[in-house]
Every structure is written in structure tokens, then in C-alpha cells.
Amino acid sequence: MQRRRLGPNGPEVSAIGLGCMGMSEFYGSGEETESIATIHLALERGVDLLDTADMYGPFTNEELVGRAIADRRDSVFLATKFGNVRGQNGEFLGVRGDPAYVREACEASLQRLGIETIDLYYQHRVDRTVPIEDTVGEMARLKGEGKIRFLGLSEASPETIRKAHAVHPITALQTEFSLWSRDAETEVLPTVRELGIGYVAYSPLGRGFLTGQITKSEDFPEDDFRRFHPRFIGENFAKNIALVHELEQLAAAKGCTAAQLALAWVLAQGQDIVPIPGTKRRKYLEQNIAAADMTLSEEELRRLDEILPPGAAAGERYHATGMATING
């Protein structure tokens, strides 16, 4: 597995990480034995960046990851997140970034994960009611106590990134980035590159849509949130699936899968970008890993820009409530 550095002076991690969210929630039910086997295979293949969050499950994803890495902690660069508050029954309770909550959430994550130090701790969403300086200040104190190693932000605006970075160096910013979600190219990527912050791309396969395996929204299980996602319903679905068909044709000509082509595109956008495709199955993990060794020609990159230019995807990235929490 190739390696990439999160920022010029940041930690070195695998060029492709593993998003663990879907092993517990949002994309239908998971199977723990296969999920843990997938994590173990990832580590064996040199994929050491594992991404989770306290809200996934809720709470159960951290516990699952903790069990999976219990006997191989030294092989893992572990990232988790706080800020999206959920109750024990799964209800969403808003976003918090006040110092007391930052500390409370960190202590709870450490316990669930069964570790002493979180390698990369993200604020999952920005709490607009709390100055970012206060949130990052508490994160910095946790670092000073040895409870976290590096600080991160997720879905933060350029202005917030700058304010946070002035308090304490931010190692990584995570936002959605793929061939059908290219918003970050306008302001976010230039900002983090100027500041020397690494970039972690979540949903690099468009929540599975760019794999070409989704043919109609009715295929999703009842508990899969994509059934009601703006880009997976009605006319939006029809427009987006037509784009994927073009992607599949280009992939076939190259002798790879649509998913591998989409991942290779993300990797080609800069050595400072680390995608974290999520999967709960070993066979898809193997396919994703193979994308790290692909090279795209100038012509192939040009063609992908023609098929899926910025703004090509029909529909918003989230419903209105979710959209209100991004670019905070």
C-alpha cells in the first residue's frame, strides 16, 4: 500500500483508508464477523487509517472497531469524531462543541474503543453557537494530556478552518469529495493547502452510487438512509444513473470497475488527499485497494471531467437538516 502524509508535517498514513460507518448503520444491517474480518484484512494489506465516530450506531461502531483492533493497536492510525449528538435510542439531539462536551465525548470514545489515545480526533460538525476557538482549545488540552495525538475538523468552512488553525495546528480536514461531490475544489481545498492541512475525502464513491451496483432506489433495504437521499430518488436518480453509465463505459475500456475508476480519480487530485471508502465486505475492500495502483492518463482525466464536472450530480448532498450542518 502506498503512503501519503496528512499535510507537509503531519502523520503518514495509507493512501486509502477504511470508513467503518456502514458496518453499524445507515447502509442497512451489518454482520459483525465479516466487518471485523474486513478490518483485519485492511490492516494486513497495509490500510492503517480507520475512520469511525461516536454517532455511528449510535456508539456501537466505536465498540466494534475497538474489538477488531484490540490485539493489533500498533498497526492502526485511528480516527474518530465528536459533535453530532445522539441519544441511546438513536435520536439526533443536535450539534455540540462546548468544551465540557468535547471532554465528555473524548472520554467516552476512549472507553468504547478500548484505547488510551485517539490518533486523529475530529469535530464532526461545527457548533455554530460556540466559538471554534473554545472547541479547539479544549481539543488542544486533551492533546496535552495525551488523550489525542492530532486535531481534525469535518465539514468546516474556510473561515472556521483558519480560526481553528490559529489556535492549534489542524492536521486534517474531512469533507465529502468524489466525482459527484466536488464542492471542496472551490474554496476548501485551496484553504487547507495554503495552511498545510491534510485532506480526507469521505464518500469518495458517492455513497456507493459510483460503483455502478445501484440500479434503482427500491433495491435499498428499509433501514438504508439512501432510500430517502435527495440524489437517490425520483428524477434526480434517473439523471445521476445516466452519468454512472458513462463512467461504467470508461471503466470497461480501461479494464477496471467503475468504483476503481472513481477512487483513482480522487487519488489523482493530489498527493495530499486520502480517500476513505467505506465497506463492510472483504471483496469490495480488495477492489478498493487495487485502485491505489492505478494511473489515469491526461485523456482519461479530461474525459472524467466531461462526464462529471463540478455540479453535475442532481440533488443536494443531504436533506435540508443535513445541509444546514455543513460548511460550518
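Residues numbered from 1 in each chain as written. Predicted model: local features only at pLDDT ≥ 70, side-chain atom pairs only at ≥ 80, totals over all residues. Heavy atoms only, no water.

- As recorded in an unreviewed UniProt entry, the protein chain goes by Aldo/keto reductase and comes from Sphingomonas arvum.

## Details of the packing of helix α1 (residues 32–44) against helix α2 (residues 60–69)
Now for step 1: Packing of α1 against α2 brings their axes to within 9 Å, and their N-to-C directions diverge by 55°. By the angle between their axes, α1 is oblique relative to α2. Here α1 and α2 pass one another in a crossing that is right-handed. Contacts between α1 and α2 pair Glu32, Ser35, Ile36, Ile39 and His40 from the former with Leu64, Val65, Arg67, Ala68 and Ile69 from the latter.
Now for step 2: In the contact of α1 with α2, the residues fall into 6 nonpolar, 2 polar and 2 charged. (Axes fitted to C-alpha atoms, helices over the stretch in contact; angles between N-to-C directions. Helix = DSSP H or I, 4+ residues; strand = E, 2+ residues; numbered from the N terminus. Parallel < 35°, antiparallel > 145°, perpendicular 65-115°, else oblique. Left-handed = near helix turned anticlockwise from the far one by under 90°. Contact = heavy atoms within 4.5 Å. Nonpolar A, V, L, I, M, F, W, Y, C, P; charged D, E, K, R; others polar.)

## Examining the sheet that holds strand β4 (residues 49–51)
Now for step 1: Strand order in this open sheet of 8 strands is β3-β4-β5-β8-β9-β10-β11-β12, and the pairing throughout is parallel. Both edges of this open sheet fall to β3 (18–19) and β12 (273–275), since each of them pairs with a single strand only.
Now for step 2: Pairing between β3 and β4: 2 bridges, direction parallel. Bridge pairing in β4 links Leu18 to Leu50. (Pairing = 2+ DSSP bridges.)

## Some details on the pattern of salt bridges
Now for step 1: All chains considered together, the criterion is met by 30 salt bridges.
Now for step 2: Of the charged contacts, one joins Arg103 and Glu145 as a salt bridge, the two residues approaching to 2.9 Å between their closest N and O atoms. With a gap of 42 residues between them, Arg103 in helix α3 (residues 99–113) and Glu145 in the loop between α4 (132–144) and β9 (148–154) connect regions that are remote in the sequence.
Now for step 3: The exposure class assigned to Arg103 is partly exposed, which follows from its relative accessible area of 25%.
Now for step 4: Residues Arg149 and Asp119 are paired through a salt bridge, measuring 3.0 Å at the closest nitrogen-oxygen approach. With Arg149 in strand β9 and Asp119 in strand β8 (residues 118–123), this pair connects stretches of sequence that are 30 residues apart.
Now for step 5: Since its relative accessible area comes to 36%, Arg149 is described here as partly exposed.
Now for step 6: On the basis of relative accessible area, Asp119 is assigned to the buried category, the value being 4%.
Now for step 7: Salt bridges here are not isolated pairs; linked through shared partners, they connect Arg103, Glu107, Glu138, Arg141, Glu145 and Lys147. (Salt bridge = Lys/Arg side-chain N within 4 Å of Asp/Glu carboxyl O. Buried < 20%, exposed > 50% of the residue type's maximum accessible area, 1.4 Å probe, protein only.)

## Regarding helix α9 (residues 282–290)
Now for step 1: For α9, the full list of buried residues reads Leu285, Asn288 and Ile289. Around the axis of α9, the buried residues are gathered within 100° of arc, so they sit on the same side.
Now for step 2: Structurally, α9 contributes buried residues whose contacts are with β3, α1 and α8 (258–267). (Arc of directions from axis to C-beta.)

## What to know about the environment of Ser297
Now for step 1: Tracing the backbone through its elements, the reader meets Ser297 in the loop between α9 and α10 (298–307).
Now for step 2: For the pair formed by Ser297 and Thr160, sequence separation is 137 residues and the distance between their alpha carbons is 36 Å.

## Here we look at the packing of aromatic side chains
In this description, a pair of aromatic rings is defined by centroid distance and the angle of the planes.
Now for step 1: Here the structure, examined in full by the defined rule, presents 8 aromatic pairs.
Now for step 2: When the centroid spacing of 6.2 Å and the interplanar angle of 35° are considered together, the rings of Phe77 and Phe150 count as tilted. Of this pair, Phe77 sits in strand β5 (residues 77–82) while Phe150 sits in strand β9; the two residues are 73 residues apart in sequence, bridging distant segments of the chain.
Now for step 3: Judged by its relative accessible area of 18%, Phe150 is buried.
Now for step 4: Seen in terms of ring centroids, Trp180 and Phe209 are 4.9 Å apart; in terms of plane orientation they differ by 5°. Their pairing is stacked. Of this pair, Trp180 sits in the loop between β10 (172–176) and α6 (188–195) while Phe209 sits in the loop between β11 (198–202) and α7 (234–254), and the two are 29 residues apart along the sequence. (Phe/Tyr/Trp six-rings, centres within 6.5 Å; stacked < 30°, edge-to-face > 60°.)

## Some details on the environment of Ala42
Now for step 1: In this structure, Ala42 sits in helix α1.
Now for step 2: Between the C-alpha atoms of Ala42 and Gly17, which are 25 residues apart in sequence, the distance is 8.6 Å.
Now for step 3: With residues near it in sequence (within four places) discarded, Ala42 still touches Leu18, Val47 and Leu285.

## Regarding the environment of Val188
Now for step 1: Here Val188 is to be found in helix α6.
Now for step 2: Taking the relative accessible area as the measure of exposure, Val188 reaches 10% and is therefore buried.

## With respect to the pairing of β9
Now for step 1: Taking burial as the measure, the 7 residues of β9 include 6 buried ones, the bulk of the element.
Now for step 2: One crossover worth recording links β8 to the parallel β9 by way of α4, and it is right-handed.
Now for step 3: Judged from the 3 bridges that link them, β9 and β10 form a sheet pairing that is parallel. Within the sheet, the bridge partner assigned to Ser154 lies in β10 and is Gln174.
Now for step 4: Handedness of the crossover is the feature at issue here: the chain leaves β9, passes through helix α5 (residues 158–167), returns alongside β10, and the resulting connection is right-handed. (Right-handed = clockwise from strand over helix to strand, strands pointing away.)

## What to know about the layout of surface pockets
Now for step 1: Each pocket or cavity is described by its volume, and for the second largest pocket that value is around 230 Å³.
Now for step 2: In this structure, the second largest pocket is lined by 15 residues; those nearest its centre are Asp183, Ala184, Val188, Arg317 and Asn327. (1 Å grid on protein atoms, 1.4 Å probe; cavity = no way out; pocket = protein on both sides within 12 Å on 5 of 7 lines; lining within 4 Å. Points joined across faces, edges and corners; volume = space filled by probe spheres on them.)

## Quick word on the side chain of Thr211
Now for step 1: Following the sequence through the fold, Thr211 ends up in the loop between β11 and α7.
Now for step 2: Among the polar contacts listed, one links the side chain of Thr211 to the backbone oxygen of Gly208, at a separation of 2.6 Å.
Now for step 3: Within the structure, Thr211 has its side chain in polar contact with the backbone nitrogen of Gln213 (distance 3.2 Å).
Now for step 4: The contacts of Thr211, once residues within four sequence positions are left out, are Leu205, Ala258 and Ala259. (Polar contact = N/O pair within 3.5 Å; in protein donor to acceptor, adjacent residues only side chain to side chain.)

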